[in-house]
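# Structure assessment
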Amino acid sequence: MKLASLSDYLLLRINRSSAKAAPGKGKAAASRESGAAKAPKNAKPGSERMPVNRQIYQLIREAILAHTLPAGMQLPSSRDLALELGTSRNTVTYAYEQLLAEGYLESRTGAGTFVADTAPDQIPEAVERKEPLTDPSGKSELSARGALLTRQAGVGERQWGAFMPGVPDVTCVPHKIWGRLQNKHWRRSNSDLLTYGPGAGYAGLREQIAEYLRVARSVNCTPSQVLITTGIHQSIDIVVKLLGEHGDTAWVEDPCYWGTRSVLNSLGIQSVPIAVDQEGMRMRLANLRRPPRFICTTPSHQYPLGMVMSLSRRRMLLEYAATHKVWIIEDDYDSEFRYGGRPLASLQGMDTQDRVLYMGTFSKIMFPGLRIGFLVVPESLAKAFATGIAELYRNGQVFLQATLADFMAEGHFASHIRKMRVLYAERLRLLQQSINRHFGEKMTITGGEAGLHLVLGLPQECDDVLICEEALAAGIVVRPLSRYYMHARGARRGLLLGYASVPNEEIARAFDKLAAVIKPHLA
Ligand SMILES: Cc1ncc(COP(=O)(O)O)c(C=O)c1O
């Protein structure tokens, strides 16, 4: 490309309609006089708001990448090009300097400015090429693991509103108290709180959690066994990464929380579904003959059906785990909210053989956006876990952990739980009332003694996934029970209805809308 053709190429594409162009005399001035102020036909999209110097830079860069301007070609001086374009010299100098800085151009003293040789380095032929395991459907670039994760994803786009399960009423968080405590830490500008956190998390919070768990959940631990994570997903992730191997198996309750299965799948752990009955996980002989590496369970409040694991099942699990060196992952996500009787003690508190990894979260008691959870491991593993967490995630948000520690130490945490328990019990009552008003005794309700949601059973011939889609179109968020099972065949049909985040006065109205969606499916 010669000087004349470079300037033609630029003139054709530069859009001056909104950019301030310096007065000039060359072809551009002529074209402006002839009414060329509008965007040229082949101007780049998006160039309407781009200054001319930036457009010149981009156009030359593109021409170099497309080899229209070959390596070694000399560019006109900035003065000559500016004259040709009818723009100021500074405008062209800016573009050249940027291209020089990025290596597209090189300047040779006394000779001028040239297109640099930017051909990519030679890539040697691969000696051995392993075909990656890709999406078996062949429809995407995802790996087989990525395809499985996204295909079976349980997470929904809407995370708020009637009747989103598993979400507390975040509007009730005592903002003023929280703000005061957080400000205290900001004002002190303590660099320890703003840098990466220690692997195990903020010491003050670990002490508060250990104390709380000892008293409220009969967890047997010292602060040194408590590790702060970003929630239960991360707790499972680190446990499996440090104690499991790709190809290991894990027993999971069927149905179970989708997040547990997704994290396990993503780490190459094969989930073995274990049915649940009124006493919790019910292992068959065939299961017991093949000890897994992990047993994932929600013994205090089975998710999503709500039963509590019986004492004899607990003892059996602990004994089995000790004999076969199996790790029990105890997910104790919402036991604070039990509306009848006292919350049951944790499985960890009964374990004398150090086989239980206990995990909890502040997502349900405080607010999910906090992303703080905790993991209690046997003393012998505590140091390795702290190192693993620091090495893999480099967690931060230490000032939030410090704020939460103060929130607990000043007694606000305990009173928030008490207040929310009363509120949620009332919302549960209102929802049950609405269900009865529409369906009487016809529908079964399970899991209505604890937690933040209940399960409304549907006849097996109902398509609960379709009902949820129709409900969403009517502005109501519900989740289909069948999706929590590992296989669709044999999965029970029902709807998970979260009541905790729905204001009392909205519950009846929102359920009316949902009932209108459900009724045609029952006919
Ligand atoms: C059984 C169970 N475990 C874990 C979680 C998620 O916990 P986190 O927010 O700490 O990741 C949920 C959320 O709904 C849950 O239902």
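Residues numbered from 1 in each chain as written. Predicted model: local features only at pLDDT ≥ 70, side-chain atom pairs only at ≥ 80, totals over all residues. Heavy atoms only, no water.

For the protein, the assigned domains are domain 1 (3-115), domain 2 (173-411) and domain 3 (415-522). For domain 1 versus domain 2, the separation of C-alpha centres amounts to 60 Å. (Domains from an automatic or database assignment.)

Taking the numbering used here, the UniProt-annotated feature "domain: HTH gntR-type" (unreviewed entry) corresponds to residues 50-118. The span residues 50-118 is 51% helical and 14% strand by assignment, and the distance between its end C-alpha atoms comes to 26 Å. (UniProt positions renumbered as here; feature names shortened; annotations may be inferred. Helix = DSSP H or I, 4+ residues; strand = E, 2+ residues; numbered from the N terminus.)

Moving on to the sheet that holds strand E4 (residues 226-229). An order of E4-E11-E10-E9-E8-E5-E6-E7 is seen for the eight strands of this open sheet, with the pairing classed as mixed. Two strands lie at the open edges of the sheet, namely E4 and strand E7 (280-281), each paired on one side alone. Pairing analysis gives four bridges linking strand E10 (residues 356-361) to strand E11 (residues 373-376), with the strands arranged antiparallel. Bridging from a neighbouring strand, Met359 pairs with Leu375 of E11. Relative to E4, helix H14 (residues 382-393) is tilted by about 15°, and along the sheet it contacts E4 and E11. (Pairing = 2+ DSSP bridges. Contact = heavy atoms within 4.5 Å. Axes fitted to C-alpha atoms, helices over the stretch in contact; angles between N-to-C directions.)

What follows deals with the packing of helix H9 (residues 203-217) against helix H15 (residues 398-409). Interhelical geometry of H9 versus H15 gives an angle of 40° and a closest axis separation of 8 Å. By the criterion of interaxial angle, the relationship of H9 to H15 is oblique. Crossing handedness for the pair H9 and H15: left-handed. In this structure, H9 uses Gly204, Leu205, Gln208, Ile209 and Tyr212 to contact H15, whose residues at the interface are Gln401, Leu404, Ala405, Met408 and Ala409. (Parallel < 35°, antiparallel > 145°, perpendicular 65-115°, else oblique. Left-handed = near helix turned anticlockwise from the far one by under 90°.)

Within the sequence span of helix H4 (residues 78-85), burial applies to Ser78, Leu81, Ala82 and Leu85. End-on view of H4: buried residues confined to an arc of 100°, all on one side of the axis. Taken from the residues just after H4, Gly86 is the one with a positive phi, measuring 70°. (Buried < 20%, exposed > 50% of the residue type's maximum accessible area, 1.4 Å probe, protein only. Arc of directions from axis to C-beta.)

Relative to the assigned elements, Arg371 resides in the loop between E10 and E11. For the pair Arg371 and Gln234, spaced 137 residues apart in sequence, the C-alpha to C-alpha distance is 9.9 Å. Excluding its chain neighbours within four sequence positions, the residues that come into contact with Arg371 are Thr229, Thr230, Gly231, Ser363 and Gln397.

Next up on the list: the side chain of Asp331. If you trace the backbone, Asp331 turns up in strand E9 (residues 327-331). Buried charge Asp331 goes without a salt bridge, the closest partner of opposite sign being Lys364 at 8.4 Å. Within the local environment of Asp331, its side chain forms a polar contact with the backbone nitrogen of Tyr333, the two atoms lying 3.4 Å apart. Beyond its immediate chain neighbours, meaning those up to four positions away, Asp331 contacts Ile232, Thr297, Thr298 and Met359. (Lys, Arg positive; Asp, Glu negative; His and termini not counted. Salt bridge = Lys/Arg side-chain N within 4 Å of Asp/Glu carboxyl O. Polar contact = N/O pair within 3.5 Å; in protein donor to acceptor, adjacent residues only side chain to side chain.)

Time to look at the sheet that holds strand E2 (residues 105-108). By definition, the strands of a sheet pair up through backbone hydrogen bonds, in either a parallel or an antiparallel sense. Here we have three strands laid out as an open sheet, ordered E1-E3-E2, and antiparallel in their pairing. With one partner strand each, in any of the chains shown, strand E1 (74-75) and E2 form the two edges of the open sheet. Relative to strand E3 (residues 112-115), E2 runs antiparallel, the two being bridged by four bridges. Bridge assignment links Leu105 to a residue of E3, and that residue is Val115.

With that settled, the discussion passes to the confidence of the model for the protein. In the predicted model, the protein carries a mean pLDDT of 91, and 93% of its residues have values of at least 70. Within the model, pLDDT remains below 50 along residues 20-25, and this stretch shows ten contacts once partners closer than five positions in the same chain are excluded. In this model residues 28-37 is a low-confidence stretch, pLDDT under 50, and it forms 13 contacts with partners more than four residues away in sequence or in other chains. (pLDDT = per-residue confidence, 0-100.)

Before going further, it helps to examine the packing of aromatic side chains. Centre-to-centre distance and the angle between the planes together describe a pair of aromatic rings. The full count for this structure, using the stated rule, is 14 aromatic pairs. Ring geometry for Tyr257 and Tyr303: centres 5.7 Å apart, planes at 90°, overall edge-to-face. Placement of Tyr257 in the loop between strand E5 (249-254) and helix H11 (258-266) and of Tyr303 in the loop between strand E8 (294-297) and helix H13 (311-324) is noted, with a sequence separation of 46 residues between them. Taking relative accessible area as the criterion, Tyr303 reaches 10% and is therefore assigned buried. Ring geometry for Phe362 and Phe413: centres 5.6 Å apart, planes at 65°, overall edge-to-face. Of this pair, Phe362 sits in the loop between E10 and E11 while Phe413 sits in helix H16 (residues 412-439), and the two are 51 residues apart along the sequence. (Phe/Tyr/Trp six-rings, centres within 6.5 Å; stacked < 30°, edge-to-face > 60°.)

On to the site of the ligand, then. The full set of residues close to the ligand is Gly231, Ile232, His233, Tyr257, Tyr303, Asp331, Tyr333, Thr361, Ser363, Lys364 and Arg371. Interatomic distance of 2.6 Å between a side-chain N/O atom of Asp331 and a nitrogen atom of the ligand. Between the ligand and Lys364, the relevant distance is 2.6 Å, taken from an oxygen atom to a side-chain nitrogen or oxygen of the residue. Coverage of the ligand by the protein amounts to 93% of the 400 Å² it exposes when considered alone. (Near = heavy atom within 4 Å. Areas by Shrake-Rupley, 256 points an atom, 1.4 Å probe, with all protein chains shown as cover.)

Among the structural elements, Ser482 can be located in the loop between strand E14 (479-480) and strand E15 (494-498). Of the residues examined, Ser482 reaches a relative accessible area of 11% and is grouped as buried. Side-chain polar atoms of Ser482 contact the side chain of Asp464, separated by 2.7 Å. Excluding anything up to four places from it in sequence, Ser482 contacts Asp464, Val465, Ala491, Arg492 and Arg493.

Between helix H7 (residues 175-188) and H15, whose axes approach to 9 Å, the crossing angle comes to 130°. Classified by the interaxial angle, the pair formed by H7 and H15 is oblique. When the axes of H7 and H15 are compared, the crossing they make is right-handed. Residue-level contacts link Ile177, Trp178, Leu181, Gln182, Lys184, His185 and Trp186 of H7 to Phe399, Leu400, Ala402, Thr403, Leu404, Asp406 and Phe407 of H15.

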